[in-house]
Amino acid sequence: MKIYFKTSAIIILSLLLTNCRKESTSYLQRAYEEAVKLHQEGNLNDAVFYYQLTALNCQYHPEDSLTYWWKAMCGQGEVWRQKNFLDRAQTDFETVLQNAPKYRLDTAEYIASRKLTLIALERQHYDKAYSYAMRAWKTAANKQFPETMTDGQENERILAGFAYALNNGQAVSDTVFGQMEKLAASPSLELRTTALKLLSLYEMQDSGKRSHLSQYIENENEYWNRRFQSFTDASESEKKQLIAERDAIAAEQKNTLFISLTIFTLLLGGSLYAMADHRRKHELDRIRLILNQKEQTIHFLETKQENSEKLLSQLKEKEERMVELERRAQKLNEMQRLLGDRKEDTEKVTRQLEDLNTLKDQIQQKEKEWETTEQQLRNRLLYHMEIGRNLPTADNPNKPTPKEYTNLIATEEKKILFLKEIDYCFNNFASGLKKITPNLTMHDVVHCCLFRLGIRTSDIAAMCSLTNSTISCRRKRLEAKMEAKT
């Protein structure tokens, strides 16, 4: 019946407000300010009523009352969130988010997205939390909101992004992990608890570590203890307020009865008494309903606290068992070492030698592969040089034509440039050859490098503008010099 009276009052007021545009705006402002005042005082139930009253009356003049509508809806959603009715809070904020783009309410879209991010994180809907956080971030990037409004937005985006990566099995960068570590040390208990929770889930999913689990449980207990204390204090305050209202209603009922008996006619007095009595009954029903809701909330928080304490005790027991098992494992290893016979030691040493030999063979094979790979890389580097790209070798990817490599190093300048490229690509091969064999001329060093690259005699002759016989004679002469040096 209480809902009936409130609904009737809202409808009557709405009809009156449609007759005067200025009065509508003024009334919406007063209703919204009254809701905000009640909300700040902690009278959440009456605050919800005034928020609903404001939002309902806004539908008659949406072009004048959009601001009051989305503020009332956000205020009502925040009240539901404080009362831990997350489904209702999510519905209110999603309603604002759906209508904000239609009426270009950027501020409403930004605030609703941030609130929905926190609700989704609390309900562990990490994909939605990430989408809401990115929507808030994009809205803030397009608009110049004051710092007081955007305070904490980056932290929410980091939490949502980390939760999204955790939920989808994506890798987390060191930068993001460091930011989460900073959030885990934040002075805000709610922010710190959420960050520790996500870090604990990430560690258990990734490596099985539990370095943040005990901190998370302690902060979670502290968080819910504060929530429980705030709910208890609010319940006691509302209980006292409701009792005072009940006493005031009872006193008013008595006064109404007394006045009704003194009214000029019995019919008028009886009707007034019936209406007052009917109203008082519904006020009492409202009080009973609110008290039941508070009792259910307290019971839920007590259950949550008991579960957290049980989880903490189980964690401590598991840690004690792990310490005991490690101690026993150490004793068992010592006994096995003492009781092991020489035959087992010999077999172990033999296996180790076989493993070492196998490992040595693998290392030698890898070294050969590395040498081959290094030679290929040096050749590729040479083939990107000015002279090297036109060398007529078998593995040159450029495949130069005879016209391109004819007289390629016929001049002194080309020979010097070729030796510089050889030194650059093959770790000072030409300079080292000159140091080892000082009696070699520059032409000898050039021919040694060409022979080392495996270029045919006819191609070398074309490159140096010499005959094949001259190149063959120089090869024999260089071989003789090298043998005499060794």
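Residues numbered from 1 in each chain as written. Predicted model: local features only at pLDDT ≥ 70, side-chain atom pairs only at ≥ 80, totals over all residues. Heavy atoms only, no water.

1. Describing the overall build of the protein chain
For step 1, the next point in the chain: Counting secondary structure elements, the protein chain contains 20 helices and 0 strands.
For step 2, the next point in the chain: Buried positions account for 36% of the 486 residues belonging to the protein chain.
For step 3, the next point in the chain: Here the protein chain displays about 30,300 Å² of accessible surface, and carbon together with sulfur accounts for 54% of that area. (Helix = DSSP H or I, 4+ residues; strand = E, 2+ residues; numbered from the N terminus. Buried < 20%, exposed > 50% of the residue type's maximum accessible area, 1.4 Å probe, protein only. Areas by Shrake-Rupley, 256 points an atom, 1.4 Å probe, with all protein chains shown as cover.)

2. Details of a nonpolar patch on the surface
For step 1, the next point in the chain: A cluster of nonpolar side chains, namely Val349, Leu353, Leu356, Leu359 and Ile363, defines an oily patch on the protein surface of about 440 Å² accessible area.
For step 2, the next point in the chain: Mapped onto the elements of the fold, Leu356 is located in helix 14 (residues 342-382). (Patch = residues over 30% accessible without salt bridge, like charges linked within 9 Å, V, L, I, M, F, W, Y side chains within 5 Å. Salt bridge = Lys/Arg side-chain N within 4 Å of Asp/Glu carboxyl O.)

3. Some thoughts on the packing of helix 5 (residues 86-103) against helix 7 (residues 126-142)
Geometry of a packed helix pair, given as the angle between the helix axes and the separation of the axes.
For step 1, the next point in the chain: Their axes nearest at 14 Å, the elements helix 5 and helix 7 cross at an angle of 40°. By the angle between their axes, helix 5 is oblique relative to helix 7. Viewed along their axes, helix 5 and helix 7 form a crossing whose handedness is left-handed. Between helix 5, through Gln90, Glu94, Leu97 and Pro101, and helix 7, the contact on the second element is made entirely by Lys128, Tyr132 and Arg135.
For step 2, the next point in the chain: For the contact of helix 5 with helix 7, a count of residues per class yields 3 nonpolar, 1 polar and 3 charged. (Axes fitted to C-alpha atoms, helices over the stretch in contact; angles between N-to-C directions. Parallel < 35°, antiparallel > 145°, perpendicular 65-115°, else oblique. Left-handed = near helix turned anticlockwise from the far one by under 90°. Contact = heavy atoms within 4.5 Å. Nonpolar A, V, L, I, M, F, W, Y, C, P; charged D, E, K, R; others polar.)

4. Looking at the nonpolar core
For step 1, the next point in the chain: One finds Val96, Leu159, Met180 and Leu198 to be the most contacted residues of the largest nonpolar core, which totals 57 residues.
For step 2, the next point in the chain: At 9 residues, the largest contribution of residues to this core is made by helix 4 (residues 62-82).
For step 3, the next point in the chain: In contact with Met180, not counting residues within four places along its chain, are Ile158, Leu159, Phe162, Ala195, Leu198 and Leu199. (Core = buried A, V, L, I, M, F, W, Y, C linked by side-chain atoms within 4.5 Å.)

5. Considering the pattern of salt bridges
For step 1, the next point in the chain: In total, this model carries 18 salt bridges according to the counting rule given.
For step 2, the next point in the chain: For Glu109, the salt bridge goes to Arg135, with nearest N and O atoms at 2.8 Å. Placement of Glu109 in helix 6 (residues 106-122) and of Arg135 in helix 7 is noted, with a sequence separation of 26 residues between them.
For step 3, the next point in the chain: As a salt-bridge pair, Arg328 and Glu324 come within 3.2 Å of each other at their nearest N and O atoms. Residue Arg328 and its partner Glu324 are located together in helix 13 (residues 266-339), separated by 4 residues, close to a single helical turn.
For step 4, the next point in the chain: Of the residues examined, Glu324 reaches a relative accessible area of 28% and is grouped as partly exposed.

6. Focus: unusual backbone geometry
For step 1, the next point in the chain: The backbone of Asn84 sits at a positive phi, close to 70°, despite the residue not being glycine.
For step 2, the next point in the chain: On the secondary structure map, Asn84 appears in the loop between helix 4 and helix 5.
For step 3, the next point in the chain: Positive phi values are uncommon outside glycine, yet Asn427 reaches one of about 60°.
For step 4, the next point in the chain: Of note, Asn427 is situated in the loop between helix 16 (412-425) and helix 17 (429-436).

7. Notes on the packing of helix 6 against helix 7
For step 1, the next point in the chain: Interaxial distance between helix 6 and helix 7 falls to 8 Å at its minimum, and their mutual angle equals 155°. Regarding the angle of helix 6 to helix 7, the classification is roughly antiparallel. Seen from above, helix 6 lies across helix 7 with left-handed handedness. Judged by residue contacts, Asp106, Glu109, Tyr110, Ser113, Arg114, Leu116, Thr117, Ala120 and Leu121 of helix 6 engage Tyr126, Lys128, Ala129, Tyr132, Ala133, Arg135, Ala136, Thr139 and Ala140 from helix 7.
For step 2, the next point in the chain: Residues belonging to the contact of helix 6 with helix 7 are distributed by class as follows: 10 nonpolar, 3 polar and 5 charged.

8. Concerning the side chain of Glu421
For step 1, the next point in the chain: Topologically, Glu421 is positioned in helix 16.
For step 2, the next point in the chain: Here Glu421 sits buried without a salt bridge, and the closest side chain of opposite charge, Arg389, lies 7.1 Å off (N-O distance).
For step 3, the next point in the chain: Polar side-chain contacts of Glu421 include one of 3.0 Å to the backbone nitrogen of Ile387.
For step 4, the next point in the chain: Apart from the residues within four sequence positions on either side, Glu421 is in contact with Leu382, Met385, Glu386, Ile387 and Gly388. (Lys, Arg positive; Asp, Glu negative; His and termini not counted. Polar contact = N/O pair within 3.5 Å; in protein donor to acceptor, adjacent residues only side chain to side chain.)

9. Some words on the packing of aromatic side chains
For step 1, the next point in the chain: Scanning all chains against the criterion turns up 6 aromatic pairs.
For step 2, the next point in the chain: Taking the centre distance of 5.9 Å and the plane angle of 55° together, the rings of Trp80 and Phe85 count as tilted.
For step 3, the next point in the chain: We classify Trp80 as buried; its relative accessible area is 10%.
For step 4, the next point in the chain: Grouping aromatic residues by their ring pairs yields a cluster made of Tyr32, Tyr51 and Tyr68.
For step 5, the next point in the chain: A cation over an aromatic ring shows up here: Arg88 above the ring of Trp80, its NZ or CZ 4.7 Å from the ring centre.
For step 6, the next point in the chain: Directly above the ring of Phe85 sits Arg88, whose terminal nitrogen or CZ lies 5.2 Å from the centroid. (Phe/Tyr/Trp six-rings, centres within 6.5 Å; stacked < 30°, edge-to-face > 60°. Lys NZ or Arg CZ within 6 Å of the ring centre and 35° of its normal.)

10. Digging into the environment of Gln179
For step 1, the next point in the chain: Within the secondary structure, Gln179 is located in helix 10 (residues 174-184).
For step 2, the next point in the chain: A residue is classified by how much of its surface remains accessible, and Gln179, at 30% relative accessible area, is partly exposed.
For step 3, the next point in the chain: Note: C-alpha distance between Gln179 and Phe162 (17 residues apart in sequence) is 9.9 Å.

11. Considerations on the environment of Val36
For step 1, the next point in the chain: One can find Val36 in helix 2 (residues 21-41).
For step 2, the next point in the chain: The class of Val36 is partly exposed, set by a relative accessible area of 22%.
For step 3, the next point in the chain: Taking the C-alpha atoms as reference, Val36 lies 9.9 Å from Gln76; in sequence the two are 40 residues apart.

12. Thoughts on helix 18 (residues 442-452)
For step 1, the next point in the chain: Along helix 18, 8 of the 11 residues are buried, which leaves the element largely enclosed by surrounding structure.
For step 2, the next point in the chain: Of the positions making up helix 18, those classed as buried are Asp444, Val445, Val446, His447, Cys448, Cys449, Leu450 and Phe451.
For step 3, the next point in the chain: One or two steps after helix 18, the chain reaches Gly454, where phi turns positive at roughly 80°.

13. Remarks on the confidence of the model for the protein chain
For step 1, the next point in the chain: With 90% of its residues at a pLDDT of 70 or more, the protein chain shows a mean pLDDT of 80.
For step 2, the next point in the chain: Per-residue pLDDT stays below 50 along residues 1-6; that stretch engages in 9 contacts with residues further than four places along the chain or on separate chains.
For step 3, the next point in the chain: Of the regions scoring below 50 in pLDDT, residues 19-24 engages in 5 contacts with residues more than four places distant in sequence or in other chains. (pLDDT = per-residue confidence, 0-100.)

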